[in-house]
Number of protein chains: 8
Amino acid sequence: MTRADEATAAAVASVVGDGDPGATVDRDDRTGSVVAHAGDFEPPSLDAAVAVVAAGTADAPVAGEAAVVASEVGATVDRVDDVGVANLDRILDQVDRIREADVVVVAAGREGALPTVVAGLVDAPVIALPVSTGYGVGGEGVAALEGALQSCSVLTTVNVDAGFVAGAQAGLIARAVDAARAE
Amino acid sequence: MTRADEATAAAVASVVGDGDPGATVDRDDRTGSVVAHAGDFEPPSLDAAVAVVAAGTADAPVAGEAAVVASEVGATVDRVDDVGVANLDRILDQVDRIREADVVVVAAGREGALPTVVAGLVDAPVIALPVSTGYGVGGEGVAALEGALQSCSVLTTVNVDAGFVAGAQAGLIARAVDAARAE
Amino acid sequence: MTRADEATAAAVASVVGDGDPGATVDRDDRTGSVVAHAGDFEPPSLDAAVAVVAAGTADAPVAGEAAVVASEVGATVDRVDDVGVANLDRILDQVDRIREADVVVVAAGREGALPTVVAGLVDAPVIALPVSTGYGVGGEGVAALEGALQSCSVLTTVNVDAGFVAGAQAGLIARAVDAARAE
Amino acid sequence: MTRADEATAAAVASVVGDGDPGATVDRDDRTGSVVAHAGDFEPPSLDAAVAVVAAGTADAPVAGEAAVVASEVGATVDRVDDVGVANLDRILDQVDRIREADVVVVAAGREGALPTVVAGLVDAPVIALPVSTGYGVGGEGVAALEGALQSCSVLTTVNVDAGFVAGAQAGLIARAVDAARAE
Amino acid sequence: MTRADEATAAAVASVVGDGDPGATVDRDDRTGSVVAHAGDFEPPSLDAAVAVVAAGTADAPVAGEAAVVASEVGATVDRVDDVGVANLDRILDQVDRIREADVVVVAAGREGALPTVVAGLVDAPVIALPVSTGYGVGGEGVAALEGALQSCSVLTTVNVDAGFVAGAQAGLIARAVDAARAE
Amino acid sequence: MTRADEATAAAVASVVGDGDPGATVDRDDRTGSVVAHAGDFEPPSLDAAVAVVAAGTADAPVAGEAAVVASEVGATVDRVDDVGVANLDRILDQVDRIREADVVVVAAGREGALPTVVAGLVDAPVIALPVSTGYGVGGEGVAALEGALQSCSVLTTVNVDAGFVAGAQAGLIARAVDAARAE
Amino acid sequence: MTRADEATAAAVASVVGDGDPGATVDRDDRTGSVVAHAGDFEPPSLDAAVAVVAAGTADAPVAGEAAVVASEVGATVDRVDDVGVANLDRILDQVDRIREADVVVVAAGREGALPTVVAGLVDAPVIALPVSTGYGVGGEGVAALEGALQSCSVLTTVNVDAGFVAGAQAGLIARAVDAARAE
Amino acid sequence: MTRADEATAAAVASVVGDGDPGATVDRDDRTGSVVAHAGDFEPPSLDAAVAVVAAGTADAPVAGEAAVVASEVGATVDRVDDVGVANLDRILDQVDRIREADVVVVAAGREGALPTVVAGLVDAPVIALPVSTGYGVGGEGVAALEGALQSCSVLTTVNVDAGFVAGAQAGLIARAVDAARAE
Ligand SMILES: Nc1ncnc2c1ncn2[C@@H]1O[C@H](COP(=O)(O)O)[C@@H](O)[C@H]1O
Ligand SMILES: Nc1ncnc2c1ncn2[C@@H]1O[C@H](COP(=O)(O)O)[C@@H](O)[C@H]1O
Ligand SMILES: Nc1ncnc2c1ncn2[C@@H]1O[C@H](COP(=O)(O)O)[C@@H](O)[C@H]1O
Ligand SMILES: Nc1ncnc2c1ncn2[C@@H]1O[C@H](COP(=O)(O)O)[C@@H](O)[C@H]1O
Ligand SMILES: [Mg+2]
Ligand SMILES: [Mg+2]
Ligand SMILES: [Mg+2]
Ligand SMILES: [Mg+2]
Ligand SMILES: [Mg+2]
Ligand SMILES: [Mg+2]
Ligand SMILES: [Mg+2]
Ligand SMILES: [Mg+2]
């Protein structure tokens, strides 16, 4: 469950706890994601890493959805925030770290230039995650999505604010890499 | 080079041959793709498979672009054609074959339902490749692209007719899987 | 009347009851549809069947409008729910049941693939009923409507969320079939 | 095959004739539709009537596609032309004739008011067939399609210029009525 | 002032009355229009008639704005309501009355066919007034506006819900006719 | 007939002349309009004036259509060209002349500011005639049409390039004024 | 900070005051802009002037954002209000004043004709600032933005309601002029 | 004159030469721009520099229009080509050179990220010049224009392919700087 407030998380915890006293229900403050596990849940663990990169603070909740989903699938997730292209030093400082991931999710709103720049810097597959910041013509994430579709770099995209889908696709790729490592 | 006619391919062959008598220039009749290699070219070879699935015959040229690009990167490419959802038996007959791939590209125009159906049937990551068939409202691939963005299944997408990008992203995933297998 | 809350239904019941103490006013909890009949109302009855198929739970209220309207006209209505194409087994399990109908309404949001798949499986006329689920580009039912307009199968469509129109058109076809049976 | 010129029809005739000397290939001058039948073809015949109504001369080719398709399925087809709403007398003069049909296809471009008016005049199911006449904002059939989607009368629609789909859906309804008559 | 509730009208009356005890402030219940006149106001009076025609009850407030504005300019205003094209008898019954006007405003939402039909029936200039009824694709008055722009009849249009502009333009034409009558 | 080349005009002249040796066929070089009259044609004559104002030379052909149509109806037509708002002196120089008309058509493309400016300067009814000049976003007359729909001045509009409709509506107003003068 | 209400401004003042007792926090009533300065802040001062011109009262808050930003950068700002083109005298009366500026920001909504007219009257660079007034088709500032993009005069534009960006760009130009004057 | 082929340039040269034997007519091969000067023409010369930056070779013709126009006004123009953001090293290598300009025009198509990146690197005012490269959704320069409107950096924009306007506005700023330097 994503984008839940604290009350909803508590309600979920109560319902879940009634059925399974050993169950855990955790809510991430930053993203509002709620993760519930049965008491006998064995968390999966993949030998594969996902980087979740975000351009600005407004992109954090959507990037967080992707991170939580990839994490639940068992991938190691590394979050890199606040590296928008209006100041290139920030992204250049983090590029070595991002290059360690097997797959990269890049969340950006407004003009959405960051996925193109990151995909130009790394060799791993990049998934663009357009965010519904912005206003006026091209607002609500439209310019960011179109920017991903028109990118000069190689990347694929999900719909605006589709953090769940970006995280799940990153998880599928991480799983494929993990399985190959295990062969 | 993609979507070239025979004359263009011949012209390319002539120019290339002048500079490097050992070079090869091949044109794929179905897709119009032209691939040129230096005489001392060592084709890369990846231990990873890409399935390129197409809904109808009109999708073949765009699917072909994806196949050629993934193939050039060194992936084993399996083409599955003519499995549009208006007759489900066709796709159900091919599903075991598609499940053998490490990553799947699905090309479809019109209402573009095939990527959603395929992503529901396989566990590998799926890349939707919307094709500019169709007419009237939602034509020129717009409905197919929006269908990929709205999909109930987990998948990512490229722009309309972006066979090159779909093939290149599939190639990046294949490369990551190959590298993991080699570890 | 469709999409009414309980209070509105009660108010209607009170007003109607004042004028005609034998009148009945019923509200369907799932759809919010309210049906009022005079005390001496003779419900029409048609020898014709309408199937109302819905992809997911989010589509129930709109599908319900179509079902109530077709039912009021006198058709036998069969509701088939939760058969979205992300899991083909569900729709394949229900196809014999759907094939018994004289006309089929298929409600689906997001990428709206279900009407195309159903129309490929049955010989009766299919009416697509796009639902305003979905978000981002192609959201608010636009992708689902465009998917119906671009369908590879033979079908006609109504506007987004137009459950009343879909049900009424299904009723007109049911009436034509009933009249032909009565000849 | 629809919208073929005479040369194409001749080429088809030649190819078809080579394989089956008894085959027939006919081209309708008005619509450019070409219909080919094997020498031992038994035309289907339905006890059901389809009216194909067109607003103006510019709508004839698209209306013709619908008529040919419905006719091939075996329905009796009645064409009513030149009854645009800018002069109501024309449509009012033909209404009795249209009321004899079991299902009605109404082709109109520009503002596309005719399907709404006809659906208000008849009890049979009406299928709107928007035509890509018109220019400027709302041109290329968009206003006509949106007019059908917004209609105050009960009707369903196909995409702009989708004469084939309108005729095929009318054929499916005619077939259902024919089957009911035969019971 | 248009679309004001009763409280606003009272507030206006109070403010206006403070400054000019003889002033009048009237609010039209149906349209919410408020008209304030100084105590020594001499209402203009034109020898010219404006018909304001509306398709349905939902169009009344916007049609009312046009009527109030034309009336304030001094034109004789005749309101003709509830004459939508889904039932042609209603408009045919009123056509003689509408033909008496020097200029006609026609308000309609949804598919907006009424302005085209009225302009085909009368010789006076017709101003289309699209109304923001409708829903889904083409909703919010877009189909109605595009229908006016694509009309097969001769007419001009204002923007969606622009009752003030339609009434003011009708007033300018009425004034021109009045001046000509006075010559 | 509008926008015809010289050859078409000649062909029309020949056909018309065969049937009616006294008939006249004239083509206006600037607009490509062709006007054919029977030999015994009595041109109508209205005691009313239409001004047709155009912003730039690119607007001349469309403005010409309006002028020809208004003229054929019998109105006195005054053409005022090349008065775009980027240089206000030009329109201010012509304003007295434009004020003599009973109704004004104003053709403008690009940002289409001229109809708003003219309607602010004259008391006669103004009809905006958006022209499909312009390029990029808002091109093909869209910005000009939207500018007319959003105008701060009182005016009505026709669709992009609809010179015929603008001229015909101006003619209807001229006829109403002429009739009033004749009373 | 722009578009803040009084309570927000007070909260900011309190927080800022805690850290720096000499700091000042000022809120402009008209625009809702809040400007905070450290106690030892030395306001920059540029030898360059920016004119901020607004068509109507509805444009004031957005124009105000531009003015505050340009002012903070140190430019001399001259505000010219209520000079919409529906009454040309108003803008003609102010043109000498506007000509004194080194760079001009012009805010306008609806049809947005004012930037084009001003850019035709002055030689300084003009920045259009489209405002989200307006309704119906072309509303929310779209017609105004497209009008700027299609302008017959030389000007550049920012997005709808982007007062901050217009003011900041005007500030950059003012700074360049100031630096050149200082050489 | 811009985008002229060689034949057109020759025709212009011939016409111009007839009237003024000393006149010069030059055509720039790369951009197709034609510049004609009277025999006694004194080229203006401004003490101000314009950088015209282009992402890729496809952007050269449009960037060239801007460069020719700025140059004709008298500015010193520096062209920086092939610095698209898919490879950041290219733009980082040129940034010192670009920083020497008083105003910068940045031409880019596809996702149009370059203007945002450049505006983040330099202090001079930046004018985005979106180019109509790209395909599918967001193609024809739409994504690039929307990217400029949504930019996280401070910049203004012109319409798609409006090289003339970008160059002219850069020229106006250069002129203002030159005048300030001359004071
Ligand atoms: N089992 C389900 N439960 C809830 N929603 C569903 C389900 N299956 C499909 N949907 C929704 O149905 C729509 C499209 O389904 P389909 O046309 O089958 O691809 C979307 O609104 C989906 O989110
Ligand atoms: N008599 C006619 N001749 C040619 N086209 C017509 C005629 N009547 C209507 N149309 C066209 O029919 C379409 C819409 O008609 P309607 O739906 O009746 O308003 C438009 O394409 C009109 O231009
Ligand atoms: N005097 C005024 N008072 C209020 N709004 C105005 C005024 N003049 C123009 N406007 C508005 O200014 C915008 C366009 O002005 P313009 O470009 O000058 O035609 C629109 O938002 C108008 O509604
Ligand atoms: N080296 C290049 N050669 C040709 N086109 C390029 C190159 N780099 C970028 N482009 C194009 O430039 C536009 C946008 O580049 P950018 O601003 O870097 O995102 C697109 O049209 C790209 O396809
Ligand atoms: Mg890369
Ligand atoms: Mg899957
Ligand atoms: Mg079927
Ligand atoms: Mg009916
Ligand atoms: Mg008429
Ligand atoms: Mg006026
Ligand atoms: Mg200027
Ligand atoms: Mg900067």
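Residues numbered from 1 in each chain as written. Chains lettered and ligands numbered in written order. Predicted model: local features only at pLDDT ≥ 70, side-chain atom pairs only at ≥ 80, totals over all residues. Heavy atoms only, no water.

This part takes up the site of ligand 3. In the vicinity of ligand 3 there are 17 residues, among which Asp82(G), Val85(G), Glu111(G), Ala113(G) and Leu114(G) approach most closely. Near ligand 3, residues from chains F and G are present, making the site a shared one. Backbone polar atom of Ala55(G) to a nitrogen atom of ligand 3: 3.3 Å apart, as the coordinates give it. Note that a nitrogen atom of ligand 3 is positioned 2.5 Å from one of the side-chain N or O atoms of Asp82(G). Summarising the interface, the protein chains cover 84% of the accessible area of ligand 3, which totals 490 Å² for the free molecule. When its residues are assigned to classes, the shell around ligand 3 shows six nonpolar, six polar and five charged. (Near = heavy atom within 4 Å. Polar contact = N/O pair within 3.5 Å; in protein donor to acceptor, adjacent residues only side chain to side chain. Areas by Shrake-Rupley, 256 points an atom, 1.4 Å probe, with all protein chains shown as cover. Nonpolar A, V, L, I, M, F, W, Y, C, P; charged D, E, K, R; others polar.)

Another aspect to go through is the coordination of the magnesium ion (ligand 11). Surrounding the magnesium ion (ligand 11) are the protein donor atoms Ala119(G) (O) and Val122(G) (O), at 2.1 to 2.3 Å. Considered together, Ala119(G) and Val122(G) belong to a single accessibility category, that of buried residues. (Donors = N, O, S within 2.8 Å, 3.2 Å for Na, K, Ca; no water. Buried < 20%, exposed > 50% of the residue type's maximum accessible area, 1.4 Å probe, protein only.)

When chain C is fitted to chain D, the residual RMSD is 0.1 Å, and the transformation amounts to a turn of 180° plus an axial shift of 0.0 Å. The transformation relating the two chain copies, once decomposed into turn and shift, fits a two-fold axis. Most of the interface of chain C is mirrored in chain D, where 100% of its interface residues again form contacts. (Least-squares fit on C-alpha atoms with pLDDT ≥ 70 in both. Contact = heavy atoms within 4.5 Å.)

This brings us to helix H6 (residues 163–182) of chain F. If you check H6(F), its first and last C-alpha atoms are 28 Å apart, about what 20 residues at 1.5 Å a residue would give, namely 28 Å. By the criterion of burial, H6(F) is predominantly enclosed, with 15 of the 20 residues buried. (Helix = DSSP H or I, 4+ residues; strand = E, 2+ residues; numbered from the N terminus. Expected span 1.5 Å × (residues − 1).)

A word on the site of ligand 4. Taken together, 16 residues are adjacent to ligand 4, and Asp82(H), Gly84(H), Val85(H), Arg110(H) and Glu111(H) come closest. Surrounding ligand 4 is a set of residues that belongs to chains A and H. Arg90(H) places a side-chain nitrogen or oxygen 3.0 Å from a nitrogen atom of ligand 4. Interatomic distance of 2.9 Å between a side-chain N/O atom of Thr133(H) and an oxygen atom of ligand 4.

If you look at the interface, chain C gives 24 residues, while chain D gives 24 residues. Taken together, the two surfaces of chain C and chain D that pack against each other cover about 2,200 Å², and 64% of this comes from carbon and sulfur. The largest share of the area that chain C buries against chain D comes from Leu149(C), Val154(C) and Thr156(C), three residues that together contribute 24% of it. Between the two partners, chain C and chain D, sit two salt bridges. Here Glu183(D) ties to Arg181(C) by a salt bridge, and the two come within 2.7 Å at their closest N and O atoms. Inspection of the region where chain C meets chain D yields ten residue pairs in polar contact (both at pLDDT 80 or more). Every element with two or more residues in the side of chain C that touches chain D is listed here: strand S6 (126–130), helix H5 (142–149), strand S7 (156–157) and helix H6 (163–182) of chain C. Looking at which element gives the most residues to the side of chain C that touches chain D, the answer is H6(C), with nine residues. Within the side of chain C that touches chain D, the residues separate by chemical class into 16 nonpolar, five polar and three charged. (Buried area = accessible area lost by both parts, 1.4 Å probe. Salt bridge = Lys/Arg side-chain N within 4 Å of Asp/Glu carboxyl O.)

Our focus in this paragraph is the domain arrangement of chain A. Residues and elements named next belong to chain A. The assigned domain composition of chain A is domain 1 (6–37) and domain 2 (49–182). Taking only C-alpha atoms into account, the centre of domain 1 sits 27 Å from that of domain 2. Counting residues at the interface gives five residues for domain 1, matched by eight residues for domain 2. Between domain 1 and domain 2 we count zero salt bridges in total. The residue makeup of the side of domain 1 that touches domain 2, split by class, is one nonpolar, three polar and one charged. (Domains from an automatic or database assignment.)

Let's shift gears to the interface of chain H and chain A. Facing 26 residues of chain H, the contacting portion of chain A comprises 26 residues. With both chains or domains summed, chain H and chain A bury close to 2,100 Å², and 61% of this area falls on carbon and sulfur atoms. Between the two partners, chain H and chain A, sit zero salt bridges. Our count for the chain H to chain A interface comes out at twelve residue pairs in polar contact (both at pLDDT 80 or more). Taken together, the elements giving at least two residues each to the side of chain H that touches chain A come down to helix H3 (88–98), helix H4 (114–121) and helix H5 (142–149) of chain H. For the side of chain H that touches chain A, the element with the highest residue contribution is H5(H), accounting for five residues.

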